Every structure is written in C-alpha cells, then in structure tokens.
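Here is what each chain is made of, one letter per residue.
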Amino acid sequence: MVWFERKAIAGMQNRIGPNKTGPFGIMQTLADGIKLFFKEDLIPNRSDRFVFALAPFLSFVPAFLAFAIIPLGGDFRNGNGGEVTWFGHVTKVQLADPPIGVLFALAISSIAVYGIMLAGWSSGSKYPLIGSVRASAQMVSYEAALGLSLACVLLLAGTLSTSGIVAAQATITQWHVISTGIVPFIIFLIAATAELNRPPVDLVEAEQELVGGFNTEYSSIRFALFYLAEFMNTVTMSALIVTLFFGGPQPIAFGDFVFDIPLIPNALEGTLWLLAKVLVFLYIYIWFRATLPRLRYDQLMDLGWKVLIPGSLGWFMLLASQRMARQNEWNIILVTSISVVVMVGGYLLLQAAFTQSARQRETQGPMF
C-alpha cells in the first residue's frame, strides 16, 4: 500500500517515485522499515513511560483486529452464504462471523482514538497534546456520522453480520450503494476519510505548527507502528466500504447475468472480486491525497456537525418511513413526500439556528 501510494502520487504529479530499491522500487518500504528498526528509540524525560510505550499498540492492534470480520471471499451464490469447500472442509473465508460483526468494527475503530490521545498526553509536551486533542475531537465527531450512515445499511440488510450483509447484495441493483440512495455511501466515505486522518482532513499533522502532531516525540519502531496503523486502517476501511455498499466478494451481476472470471472456481473467485474492489477504493484515497487541499479545522467540524450528522439522520428517517410504508401497505409516494417536507423543514430550522448563533457571536465580540 505504501509503495502503491508513492508511485501513484508520483505519476499524478509528474514525478518518478521509488525506483531504486528492487524492481520498480517495490522494496523501498522494506528498506524504510529496516531503517526505522535500527534508529535510536527516544523516550522524553517528562513522559509517562508506560503509557508512551503502550499508545502505539493501541493504534496498531485495532487496525488488524477490524479485518477479522471482513469476508475475504467465498461463494455467496444460490444461498451458499459464503461457504466453500476447501480440502474436504466446509468453511467461510473470514476469520470470524459474529452476529454483531458491524458493531465489532465500530468498537475497534473507537479504541484507536485512545492510542492517539494517550500518545499525545504521555509525551510530556504541549504540541503533541494539542495535536492529540484535535485528532480525538475529529475522530469522535465523525464517528457519529459514520454510525448513522451505517444504520441505513443495517436497516435494509436486517442483520449485523457482515456475511449476511454481503449475501443481501446478490445483484448490482441490490448493492446498498444503490438501494440506500447513494447519500449514505457518500457520507460514509467522507466520515471514513476523516476517521482515518487521511488528506484532505489530516489535521493531526499540524504543518502550520511545524510539528508532526500527536506523534512528534516518537521515533524508531514506535513511530513505524503509527505509520503502519494509518495505512492498514486505510486498507481495512476500504474493505469495509466494499463489504457494506458494493457486495463484498460477490461478483458483478445484472439480474440472472453474472460476470464470471474464466477458469476460476467460485470458491476463489470471490477473493479476486474483493481484491479488485478494494484496490479501486485504495486508489480513490490516493486520488484524494494528491488532489484536494487541506481543510481548516473549523470547516472540518462544521462539515461534520452541521452537514453530515443532520444529513445522515434525515436520510435514515426517510428510509425508515419508506420501509414502514411498504410493511403496512401505505401510499409510499405520499409517505415519501411528507418525509421530504419534514426533512426540508428541519433543515431550514437548523440553518435559522446557526444564523442566529452567528449573529449573537458577532454581537458579543471576540471571547479571547
């Protein structure tokens, strides 16, 4: 992933990128890792040594644990539920399939906040602490929008199991990116980008303060763990997006027509489809990094609290009202129209409140 990102951005910016270590520079990441292993491991005198050493693992371990509930392949056709037969054993191609798989992913992503917060607090320096507080506020704020957009998927799928969510997306019209109306996917993608601290919302790395943010005091392998967690989280979140919205390992299908990969059995084909879809989103994240300018912190928080959270909540209520209309055989057009009117009214009231609040702040003048 590191090599892919460096080469892709180099191509977008008319540069060469890694090209010395190994064929096409593919061993450059290994060389960087070996270098970090042998760099001096510095621990500040005023730091809390135990917490300082623990914090990188609180970021690093959840990045891998979240991957446990991702279906990495399997045959979901004809009601197989992702089960395949390998070497005489019937199994699912995922480490675990708990009935609360999606909640597990959200819980694990929340733990990563502790790693960042404790890293800044335990450094014994003001700038890492400021960076960690900013990062924690950003991650907590966008987790709300992330969860609300995810609720739209759970409402349609009717299950928290990741394999059950994949099984409900047999054809391209049943992919949740389409059946939920695209808006939850867009909100989820933006919120996930902020959750990952990826550009254009990587405000953890405060370049205007001339420091690296919460990990300023870290060096050697401890810094490498934070670096590895960031890139692993990108891979995990891309796999989660594919699982929730794009059918996971399911092949692309239109009705009864299925795009089969020739000469590949169904037990292995799902893994290839998942890998192809994940690579698309990894490229999109790299595209974001190379294209979009960094947001100001107030713009970031306004986007999260004033746009994404109300938008995801309103869209969830719209989908819920449509579901109620279908179950009770109500007039779905009338129900949808009333729901839209209520959403627009709520939006106008919210904007009026924001406008009044801004006027009051202007009247009171600067507080500091």
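All values derive from a computational prediction rather than experimental measurement. (Residues numbered from 1 in each chain as written. Predicted model: local features only at pLDDT ≥ 70, side-chain atom pairs only at ≥ 80, totals over all residues. Heavy atoms only, no water.)

A.B. asks: Which residues make up the overall build of the protein, and what values do they have?
C.D. replies: Helices and strands together make up the secondary structure of the protein, namely twelve helices and four strands. On C-alpha atoms alone, the protein measures out to a radius of gyration of 23 Å, which is about the 21 Å that the 2.2 N^0.38 rule sets for 368 residues. Each principal axis of the C-alpha atoms in the protein carries an extent, and together these give about 70 × 65 × 45 Å. For the protein, the residues scored as buried account for 43% of the 368 residues in total. Nonlocal contacts in the protein, meaning residues at least 24 apart in sequence, comprise 75% of its contacts between residues at least 6 apart. (Helix = DSSP H or I, 4+ residues; strand = E, 2+ residues; numbered from the N terminus. Rg over C-alpha atoms; globule rule 2.2 N^0.38 Å. Buried < 20%, exposed > 50% of the residue type's maximum accessible area, 1.4 Å probe, protein only. Contact = heavy atoms within 4.5 Å.)

A.B. asks: Lay out the pairing of strand E1 (residues 83-86) with the relevant residues and their values.
C.D. replies: The side chains of a regular strand alternate, first on one face of the sheet and then on the other. In this sheet, strand E2 (residues 89-92) lies alongside E1 in antiparallel orientation, the contact comprising four bridges. Looking at E2, one finds that Trp86 is bridged to His89. Between E1 and the antiparallel strand that follows it, E2, lie two residues; Phe87 among them carries a positive phi value of about 55°. (Pairing = 2+ DSSP bridges.)

A.B. asks: Could you give an account of empty space enclosed by the protein, naming the residues involved and the relevant values?
C.D. replies: Enumeration according to the criterion identifies one cavity of 30 Å³ or more in this entry. Empty space within the largest cavity amounts to approximately 60 Å³. Lining the largest cavity are Gly74, Asp75, Phe76, Arg77, Pro249, Gln250, Pro251, Asn266, Glu269, Gly270 and Trp273. (1 Å grid on protein atoms, 1.4 Å probe; cavity = no way out; pocket = protein on both sides within 12 Å on 5 of 7 lines; lining within 4 Å. Points joined across faces, edges and corners; volume = space filled by probe spheres on them.)

A.B. asks: Tell me about the packing of helix H8 (residues 183-195) against helix H11 (residues 297-328), residues and numbers included.
C.D. replies: At a minimum axis distance of 10 Å, the contact between H8 and H11 shows a crossing angle of 150°. By the criterion of interaxial angle, the relationship of H8 to H11 is roughly antiparallel. Every pair of crossing elements has a handedness; the one defined by H8 and H11 is left-handed. Within the contact between the two elements, H8 uses Val183, Pro184, Ile187, Ile190 and Ala191 and H11 uses Leu303, Leu308, Gly311, Ser312 and Trp315. For the contact of H8 with H11, a count of residues per class yields eight nonpolar, two polar and no charged. (Axes fitted to C-alpha atoms, helices over the stretch in contact; angles between N-to-C directions. Parallel < 35°, antiparallel > 145°, perpendicular 65-115°, else oblique. Left-handed = near helix turned anticlockwise from the far one by under 90°. Nonpolar A, V, L, I, M, F, W, Y, C, P; charged D, E, K, R; others polar.)

A.B. asks: Give me the lowdown on the environment of Phe354, citing residues and values where you can.
C.D. replies: Here Phe354 shows up in helix H12 (residues 332-364). Each C-alpha atom of the pair Phe354 and Ala53 lies 43 Å from the other, and the pair is 301 residues apart in sequence.

A.B. asks: How would you sum up the pattern of salt bridges? Please name residues and give values.
C.D. replies: This structure, assessed with the given rule, holds eight salt bridges. When the shortest N-O distance is used, the salt bridge between Arg294 and Asp202 registers 2.9 Å. Within this pair, whereas Arg294 is found in the loop between helix H10 (266-291) and H11, its partner Asp202 is found in the loop between H8 and helix H9 (220-245), the two being separated by 92 residues in sequence. Accessibility expressed as a relative area gives 6% for Asp202, which makes it buried. Linking Lys306 and Asp302 is a salt bridge whose minimum nitrogen-to-oxygen distance equals 3.6 Å. Highlighted residues: Lys306 and Asp302, both in helix H11, separated by four residues, approximately one helical turn. Judged by its relative accessible area of 29%, Lys306 falls in the partly exposed class. With a relative accessible area of 32%, Asp302 lands in the partly exposed category. Salt bridges sharing common partners tie together Glu5, Arg198 and Arg289. (Salt bridge = Lys/Arg side-chain N within 4 Å of Asp/Glu carboxyl O.)

A.B. asks: Explain the side chain of Thr162 residue by residue, including any values.
C.D. replies: Tracing the sequence through the fold places Thr162 in helix H6 (residues 162-167). Excluding residues within four positions of it along the chain, Thr162 makes contact with Ile69, Pro71, Gln94, Asp97, Gly101, Val102 and Thr243.

A.B. asks: Give a detailed account of a nonpolar patch on the surface, specifying residues and quantitative values.
C.D. replies: Together, Ile26, Met27, Leu30, Ile34, Phe37 and Phe38 make up a nonpolar patch on the protein surface, roughly 660 Å² of accessible area in all. With respect to the helices and strands, the residue Leu30 is situated in helix H2 (residues 28-37). For Leu30, a relative accessible area of 48% puts it in the partly exposed group. (Patch = residues over 30% accessible without salt bridge, like charges linked within 9 Å, V, L, I, M, F, W, Y side chains within 5 Å. Areas by Shrake-Rupley, 256 points an atom, 1.4 Å probe, with all protein chains shown as cover.)

A.B. asks: Explain helix H5 (residues 126-157) to me, using residue names and the numbers behind them.
C.D. replies: Residues separated by three or four positions in an α-helix point in the same direction, a consequence of the helix having 3.6 residues per turn. Relative to the 46 Å expected for 32 residues at 1.5 Å per residue, H5 spans 46 Å between its end C-alpha atoms, a close match to the ideal helical length. Note on H5: the residue one or two positions beyond its end, Gly158, has a positive phi of about 75°. (Expected span 1.5 Å × (residues − 1).)

A.B. asks: How would you explain the layout of surface pockets if you had to name every residue and give the values?
C.D. replies: Space inside the largest pocket adds up to approximately 710 Å³. Forming the walls of the largest pocket are 40 residues, and the residues nearest its centre are Leu196, Asn197, Ala229, Glu230 and Asn233. Of all the secondary structure elements, the ones that give two or more residues to the lining of the largest pocket are helix H1 (2-12), helix H3 (49-65), helix H4 (101-122), H5, H8 and H9. Looking at the lining of the largest pocket element by element, the count peaks at eleven residues for H9. For the lining of the largest pocket, a count of residues per class yields 27 nonpolar, six polar and seven charged.

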